[in-house]
Amino acid sequence: MAAGRPAHGRPAVSPPQRAGYFAGVADTRHQYDVLAGLYLPIAAGVVLLVVLLVVAFAWRYRARPASAGAAGADRRPSRIHRAPKTEALYVLVLACVAAFLLWHTFTIEGRVDHAASGRGVHVVATAAKWHWSFDYPRAGIVQQGTDERPPTLVVPAGRTVDVTLRALDVIHAFWIPERRFKRDATPGFVSSFSLVFPRPGFWRDGGECSEYCGLRHTWMKFHVRVLAPAAFARWLRARQSGAAA
Amino acid sequence: MTAIGAPRARAARPPRRGLVGTLASTDHKALGAGIFTTAFAFFLAAGVLALLMRFELARPHLQLMTLHGYNELFTLHGSTMFYLFATPIALASGVYLVPLQIGAGRLKWARLALASWWMIIGGGLVMWLGFLTVQGAADVGWYSYVPLSDAPNSPSVGTDYWIVGVILAAAAAIALAACVLATIVTERAPGMTMLRLPVFSWTMVITCLMVLTAFPALIVAMGLLLAQRQFGGVYTGAAGAFDYQHLFWFFGHPVVYVVFFPFLGAVAEAIATFSGRRWFGYRPFVLSLLLFAALSMSVWGHHMFTTSAVENKYFSLTSTALLVPAGIEYFDSFATMWRGRIRLMTPMLFALGFLVLFVIGGTTGIFIGSPPLDYHVTDSYFIVAHFHYTLFGGSVMGLFTAIYLWWPKVTGTLLSERLGRWHFWLTMVGMNLTFFPMFFLGWEGMPRRVADYPPGTSWSTLNLLSSIGAALIAVSLLVFLWNVRRSLRRRVPAGPDPWGGQTLEWATDSPPPRENFLGPLPPVRSFAPLQDLREQREQEVQPA
C-alpha cells in the first residue's frame, strides 16, 4: 500500500484547523501517534536498560581465575537472597507505570471509539469473499471492483466519514494503515465508526482485509482516494449522473 | 600419539530398549525423553514449513506455491508449533525433571502419561495426514475462526483431520498436566514442603494448573466445531462467531503462558546455578507466578479488541497489569546475578539471551495491550514479530537453556561448549534478523497470512532480510543437531553434577538410575538443598 503514497513521510499530526473539535477527535492517526509517542520511548528505555544490565552484570560479576592476583581473585558470591522492602517499592513503581499507561490509553480510546457522529459522509462498507464494496446511501451510488481491479473508497478531506461496516460470509477486517485504524467485519453484526482523512491524496491498495478470510485473502484490498470537499462534491454529482468513477 | 596413553574416558551407553521397550516404558525418564524428542521433531517439521513461507515471501509475487498451499503452510506451522511442539515439550520437561527435583522415585499415573505420548503422536500424524488428502491439509489458521472453518466455507476433510488432531493433542496435554501435578502433590520427598519446591518445579505447578483450566475450553470449542461441520446449528450468526472466539481464546491466551512458564523456570535455575547464588526472592517470586497465571487467565479478550464485542477497557487493564509480575521476574533475575560469580557457559548464554529477547516481546505486548494502538497493528506483521519475540525469544531460548542445562543429566554426556556458543550467537543474529524487520512491516501496513505483497516498496527489502534471518536460524539448528550427534558419539562423561547444581537431580547419577536415587537423599531444608550443603561446607572451611 506504500506504493504511490503521496506523502510518505510524517503524517498530518495536528488535526486540520477548520474541521472542528470532532474531526480532530476522529483523526485516528493523530490519536495513535500521541499514544504511541508515549508507549514507545518507555518500551525502548526498558529494553535498553535490560540489555545494559545483562552486559554490565555479565562483565562485572564474571568468574575470574584465582591466579589473576589479589585484585582479580575470586570473591565468594553474595548470600543475600531477599530484599522484601526494595522489591515492594519496585512493585509500586511498576504499578504506577501501568496506571499511567492505562490512564492515557483509556482517554485516547474514548476518542477513537466515538460512535458515528451522523453528521458526516455516510459510507456502508461491505466485505465478502474476496471483495470490498462501498455504498453511499444518501447519494445512491456504489463503488465496486473486480478480481483484477479493486474498488476505490472515495472520501472528502477534512470531513467526518461515518462508516457502517458489515460482512456477508466470513469474518473480514477493514484496515486503512495510513489512518492507523482497523475494525473486524463479522457476518450478522454491524459495527460503526468515524474516520477523518485530513489531506487529499490517493493510496493504492491503501485499504486491506486483515482478518484471514480464505483462499484469496492475500489480494483482498481497496484503494483510497481523498478529495478536497469541492472535488468530492463534483465526483458525487458525476457518479450520480452515471459517469465513470 | 594418544593410542599409548590411557583410553579417553567415555560415559557408558544406556541399555538399548528396543522399539516396544521404548514405546511402552512407564519410567518417567524414558517417557519424558520420548515425548520431548517427539515434540522436538515436530518443532523441526514446523520449522521447515516456516522456511518454505519465508522463501515464498523473500520476494514479491508468488514463486514457490499457490495461495492455497501458503494457507496450508501457516495453518500447519502454527498448529504444529502450539499443539504438537510447545505444549508437549513444556510438559515433557516436567515429566522428566519434576520427580527428580522433588526427590520422588516415580511419576504418578505413569500409564496415563504413556497414553498421552501415543495421543500426541497420533494427533500429529492425523493433522499432517491432511497433506495427503485431495483437498490438502487444513487451511483455516491455527485458531480456525468460524464461520470460515464451517463446512460450507472449508469443506476439506483435512480440516476435520486437523480438528481430531487438536482434540487428541489437547487431551494428552490435560492428562500430562494431571500426572505432573499429582506427582508434585503426593510424591514429594520428606522435608520437601510446597515452599521448598525448586523454582522449576514451581513453574510446572503453575503450568499444570493453567493446562487443567484452559485446555478443556479448547476441547469444547473443537468438539462443537466438529459438530458444527457435521450437523450445523452450533455456532450460528454473529453470536456464534463471538462465542467461538471467547472459547478459543480462553484457551488460546493461557497456552502462551503454558509454553512459557517452564522455560522461565529453566532460565531461573540456569541463572542461579551459573551465578553461584540461589534464586533471589523465592517467596515473592512464587506469589508473582500465581499472580501471573491468574492475570493471564483473564486477558483473552485482548485478542478481540477490534471485534466491538468485548469490554476493551477491562481486558486492557488486565493485559497491562501483566507488566507487574513480569517485572518481578526480571528483578529477581538481575538480583540473582548481582554480586554473583557468573560463568558464561552455554546454558547461561541462552538464559541471558532469553532476558534480552523476551523483554522486546514483553514491552511490545504492553504496547498492543492498549486498544487504540492494537487497532492499527493487530493482525499485521507487528503481531507476528511481537509473539515470535515471546515464543521464540522467550520459550525457545528458554528451551535451549533447559536442553544445555540438563543434557548432561539426561544423557550422562557433555555437549561441546564451542558448538554451543556458535549455536547461541547464530540464533541471536538469525532471530533478530528474522523478526525485527517484521515490526516495521506491520507498522507500515503488511497484514498477516498473506503470500504476496506489492513490489517496489520497502517491504521487499524488509522481507528479504527476514528470510535471510530464517535461513540463519536453520543453520543454527543444524549446528545444534551436530552438537547432539557429536555428544552422543563421543560420550564425554558428565558426572553427576557438572555445573554445581542446586537441586536434588544433581545429587544422583547421570543418567539417573531406574529408581532415581539409590542412596539416601540429602537433607531438604530449602528450595536449593545442594546449595545449602555447599554453603555449609564453605562455612566450615572458612569460619566467618
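Details of the structure are given in the entry above.
From a predicted model like this one, the values you see are computed outputs, not experimental measurements.

**Examining helix 4 (residues 84-112) of chain A**
Between its first and last C-alpha atoms helix 4 of chain A spans 41 Å; for 29 residues at 1.5 Å apiece the expected length is 42 Å, and the two agree. Buried positions along helix 4 of chain A lie against helix 2 (28-60) of chain A together with helix 11 (312-321), helix 12 (323-337), helix 13 (346-368) and helix 14 (371-377) of chain B.

**Remarks on the interface of chain A and chain B**
At the junction of the two partners, chain A supplies 69 residues and chain B supplies 74 residues. If you list the elements that add at least two residues to the side of chain A that touches chain B, you get helix 2, helix 4, strand 6 (172-176), strand 7 (181-185) and strand 9 (201-209) of chain A. The element that contributes the greatest number of residues to the side of chain A that touches chain B is helix 4 of chain A, accounting for 15 residues.

**Some words on unusual backbone geometry**
Across the junction of Lys129 of chain A and Trp130 of chain A, the peptide omega takes the value -10°, indicating a cis bond. Tracing the chain through its elements places Trp130 of chain A in the loop between strand 1 (121-128) and strand 2 (131-136). Cis geometry marks the peptide bond from Val146 of chain B to Pro147 of chain B; its omega dihedral reads 5°. Structurally, Pro147 of chain B can be placed in the loop between helix 4 (110-129) and helix 5 (157-186). Of note in the backbone geometry, His61 of chain B takes a positive phi value of approximately 75° without being a glycine. Relative to the elements of secondary structure, His61 of chain B occurs in the loop between helix 2 (28-57) and helix 3 (67-101).

**Let's talk about the packing of helix 4 of chain A against helix 12 of chain B**
The geometry of helix 4 of chain A relative to helix 12 of chain B is characterised by a closest axis approach of 9 Å and an angle of 140° between their N-to-C directions. In terms of axis orientation, helix 4 of chain A runs oblique to helix 12 of chain B. The crossing of helix 4 of chain A and helix 12 of chain B is right-handed. For the pair helix 4 of chain A and helix 12 of chain B, contact is made by Glu87, Tyr90, Val91, Leu94, Ala95, Val97 and Ala98 of chain A and by Leu323, Val324, Gly327, Ile328 and Phe331 of chain B, respectively.

**Section: the sheet that holds strand 8 (residues 191-196) of chain A**
Adjacent strands of a sheet pair through backbone hydrogen bonds, lying either parallel or antiparallel. Residue and element names in this part refer to chain A. Taken in spatial order, the five strands line up as 3-2-1-5-8 in an open sheet, and their pairing is mixed. Two strands in the sheet have a free side with no partner beyond their single neighbour: strand 3 (141-144) and strand 8. The sheet shows a mean angle of 25° between the axes of neighbouring strands, taken without regard to direction. Inspection of the sheet shows strand 2 paired to strand 3 by four bridges, in the antiparallel sense. Counted as the bridge partner of Phe134 is Gln143 from strand 3.

**A word on the sheet that holds strand 4 (residues 152-156) of chain A**
All names here are of chain A. Spatially, the five strands line up as an open sheet ordered 4-10-9-6-7, and their pairing is mixed. Across the chains shown, the open sheet's two edge strands, defined by having one partner strand only, are strand 4 and strand 7. Taken over all neighbouring pairs, the strand axes of this sheet differ in orientation by 25° on average, direction set aside. As defined by bridge partners, strand 9 adjoins strand 10 (residues 221-227) across five bridges and the pair is classed as antiparallel. In the sheet register, Glu208 faces strand 10, and the bridge partner there is Lys221.

Reading guide: rules and limits
Residues numbered from 1 in each chain as written. Chains lettered and ligands numbered in written order. Predicted model: local features only at pLDDT ≥ 70, side-chain atom pairs only at ≥ 80, totals over all residues. Helix = DSSP H or I, 4+ residues; strand = E, 2+ residues; numbered from the N terminus. Expected span 1.5 Å × (residues − 1). Contact = placed C-beta atoms within 7 Å. Axes fitted to C-alpha atoms, helices over the stretch in contact; angles between N-to-C directions. Parallel < 35°, antiparallel > 145°, perpendicular 65-115°, else oblique. Left-handed = near helix turned anticlockwise from the far one by under 90°. Pairing = 2+ DSSP bridges.

Spatial relationships are all this shows, so hold off on functional conclusions.
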